[in-house]
Amino acid sequence: MRLRLITYTRIIELYQEFIQIGLRRCTFFATRAGNKGISKKHIAMLTDTLDNNYEEILNFVFENSESENGTNALALVNEKVVELFLDETKTPYAAIRQGDHLETIPIESKRFEDWVGSRYYHYQKDYDTAPSILSREEINKIQSILRYEAASSVQTLYLRVAALVDPEASDLDENKIYYDLCNPDWDIIKITKHDWGIIKHDENHILFKRFTIMNPQVYPIRDYPPDILQQFMKLINVDDDDEDNQLLAIVYIIALFLLADLPKPMLNPNGPHGSGKSTYQEYVKLIVDPAAALTTAFPNSLAELVQVLSHSYVTFFDNVSGISEVTSDQLCSNGKRIRQKEPVY
């Protein structure tokens, strides 16, 4: 199949090249045929046929070439696809193998389109000095096929923290917390009752999805001072004598990791202008969910609000003057989300 595809490409390139420089369309073929010992009578029959039907021939070659392109590209994509499924919002995802880890990518996203096109291009480049580019139509066909395949399975994907914790489990050792470092190697931290370690996002741990706003977390180390959390508390403007608020701030941070799937009270620092309220929020954001924007302005519409909340694990709004009743209801909806028609990845 690959050899036929390359042959089609070569015929098209040569044919177009000779047309452009003004040579007779079949001169090249006639010369080659004569060198092979084919009679002039048969050469004339061949060249006349090709001359009279060259548009139909090129259309046939292009149609078959495009069909073969799509078939080859789908095979290349399937070589890397480990699992197809819908996430909890019914968005189709593909878990693809990249080196020693798996990456989850929305099938309908621009990122997935680029990955399909790039994979086909680099595959062609290994066998052809003039690799072809997959058409958007063929990429869309591949996306449609994978989307149909994904519809039979549903799987929850988490943002940054996956707390698989059941306080009433008979064996508490089965409880685990996973934290996505969001680095290019897709390293995740696995935390148990007894220890923690770094593992890969792989077939046994298809847990997370990512958005472009999310930044990598620093790589953790085991050698740190025992009072590291108390050192952090000194960076924020909470009085040392205010034991209640000190404890509340510490518990809030820990709860972001341990109780990822449970509703939590919204953090609302109180204080005069310049007292460090935004700085405190930014520090918490850096510890739990670093992103391109540590705090953000409050959205003007419910749709924007849903998008902002759905693309980050922790979201802090800065300088909020007021909110509507509809927005208040959405913020208190216990994590329920309104899926947008056009999600931005």
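Treat the numbers as computed from the prediction; the structure is a model and nothing was measured.

Asker: An account of the overall build of the protein chain is requested, with residue identities and associated values reported.
Answerer: For the protein chain, the helix and strand inventory stands at 11 helices and seven strands. In the protein chain, once contacts between residues fewer than 6 apart in sequence are set aside, the share between residues at least 24 apart is 58%. Counting only carbon and sulfur atoms, one obtains 53% of the accessible surface of the protein chain, whose full area is about 20700 Å².

Asker: Go over the nonpolar core, please, and point to the residues and values.
Answerer: One finds Met 233, Ile 236, Leu 256, Val 284, Val 288, Tyr 313 and Val 314 to be the most contacted residues of the largest nonpolar core, which totals 25 residues. Among the elements that line this core, the one with the most residues is helix α8 (residues 243-258), at five residues. Residues within four places of Met 233 in sequence aside, it is in contact with Gln 246, Ala 249 and Ile 250. In terms of nonpolar packing, the next biggest core, distinct from the first, is built from 20 residues, Ala 73, Leu 84, Ile 105 and Phe 112 among them.

Asker: How would you sum up the sheet that holds strand β3 (residues 101-106)? Please name residues and give values.
Answerer: Across the sheet, three strands lie side by side as β1-β2-β3; this open sheet has antiparallel pairing. Edge strands, defined here as strands with exactly one partner in the open sheet, are β1 (81-86) and β3. The sheet shows a mean angle of 25° between the axes of neighbouring strands, taken without regard to direction. Where helix α6 (residues 136-150) meets the sheet, it contacts β1 and β2 (92-98), and its direction lies at approximately 70° from that of β1.

Asker: Outline α6, listing residues and values.
Answerer: For α6, with 15 residues, the first-to-last C-alpha span of 21 Å sits near the 21 Å given by 1.5 Å per residue. When α6 is considered as a whole, its buried residues turn out to be Glu 138, Ile 139, Ile 142, Gln 143, Ser 144, Leu 146 and Ala 150.

Asker: Residues and numbers for the side chain of Asp 202, please.
Answerer: Residue position: Asp 202 is located in the loop between β7 (196-200) and α7 (228-233). A distance of 3.0 Å separates a polar side-chain atom of Asp 202 from the backbone nitrogen of Asn 204. At 2.9 Å, the side chain of Asp 202 forms a polar contact with the side chain of His 205.

Asker: Can you tell me about the side chain of His 101, naming the residues and giving the values?
Answerer: Considering the arrangement of structural elements, one finds His 101 in strand β3. Here the side chain of His 101 touches Asp 100 through a polar contact of 3.2 Å, side chain to side chain. Polar contacts involving the side chain of His 101 include one to the main-chain carbonyl oxygen of Asp 185, which spans 3.5 Å. Apart from the residues lying within four places of it in its own chain, the contact partners of His 101 are Ile 96, Pro 184, Asp 185, Trp 186, Lys 200 and His 201.

Asker: Please set out the packing of aromatic side chains residue by residue, giving values where relevant.
Answerer: If you walk through the whole model with that rule in mind, you get five aromatic pairs. Ring geometry for Tyr 179 versus Phe 257: centroids 5.6 Å apart, planes at 50°, classification tilted. Here Phe 257 lies in helix α8 and Tyr 179 lies in strand β5 (residues 176-180), a separation of 78 residues in the sequence. When the ring of Phe 232 is compared with that of Tyr 283, the centres are 6.3 Å apart and the planes differ by 70°; the resulting orientation is edge-to-face. Placement of the pair is Phe 232 in helix α7 and Tyr 283 in helix α9 (residues 277-288), with a sequence separation of 51 residues. The ring of Trp 196 carries Arg 222 above its face, with NZ or CZ at 4.1 Å from the centroid.

Asker: With reference to specific residues and values, describe the packing of α8 against α9.
Answerer: It is at 11 Å that the axes of α8 and α9 come closest, and there the two elements cross at 30°. Between α8 and α9 the crossing geometry is right-handed. In this structure, α8 contributes Ala 249, Tyr 252, Ile 253, Leu 256 and Phe 257 to the contact, and α9 contributes Tyr 280, Val 284, Ile 287 and Val 288. When the residues that make up the contact of α8 with α9 are grouped by side-chain class, the tally is nine nonpolar, no polar and no charged.

Asker: I'd like a description of helix α10 (residues 302-310), backed by residues and values.
Answerer: Every α-helix winds through 3.6 residues per turn, so residues three or four apart in the chain are directed the same way. Turning to α10, its buried residues are Leu 305, Val 306 and Leu 309. Projected onto a plane normal to the axis of α10, the buried residues spread over an arc of 100° and lie on a single side. Buried residues belonging to α10 abut α11 (325-331).

Asker: Can you tell me about the pairing of β2, naming the residues and giving the values?
Answerer: The buried fraction of β2 is high, at five of seven residues. Here five bridges tie β1 to β2, and the two strands are oriented antiparallel to one another. If you follow Glu 83 over to β2, its bridge partner there is Ala 95. With antiparallel pairing between neighbouring strands as the criterion, β1 and β2 make up a hairpin whose turn holds five residues, including Lys 90 at a positive phi of roughly 70°. Here β2 runs beside β3; their pairing, made up of six bridges, is antiparallel. Residue Tyr 93 lies in a different strand from β3, and its bridge partner there is Pro 106. Connecting the antiparallel pair β2 and β3 is a turn made up of two residues, with Gly 99 showing a positive phi of about 65°.

Cut-offs and rules
- Residues numbered from 1 in each chain as written.
- Predicted model: local features only at pLDDT ≥ 70, side-chain atom pairs only at ≥ 80, totals over all residues.
- Heavy atoms only, no water.
- Helix = DSSP H or I, 4+ residues; strand = E, 2+ residues; numbered from the N terminus.
- Contact = heavy atoms within 4.5 Å.
- Areas by Shrake-Rupley, 256 points an atom, 1.4 Å probe, with all protein chains shown as cover.
- Core = buried A, V, L, I, M, F, W, Y, C linked by side-chain atoms within 4.5 Å.
- Buried < 20%, exposed > 50% of the residue type's maximum accessible area, 1.4 Å probe, protein only.
- Pairing = 2+ DSSP bridges.
- Axes fitted to C-alpha atoms, helices over the stretch in contact; angles between N-to-C directions.
- Expected span 1.5 Å × (residues − 1).
- Polar contact = N/O pair within 3.5 Å; in protein donor to acceptor, adjacent residues only side chain to side chain.
- Phe/Tyr/Trp six-rings, centres within 6.5 Å; stacked < 30°, edge-to-face > 60°.
- Lys NZ or Arg CZ within 6 Å of the ring centre and 35° of its normal.
- Left-handed = near helix turned anticlockwise from the far one by under 90°.
- Nonpolar A, V, L, I, M, F, W, Y, C, P; charged D, E, K, R; others polar.
- Arc of directions from axis to C-beta.

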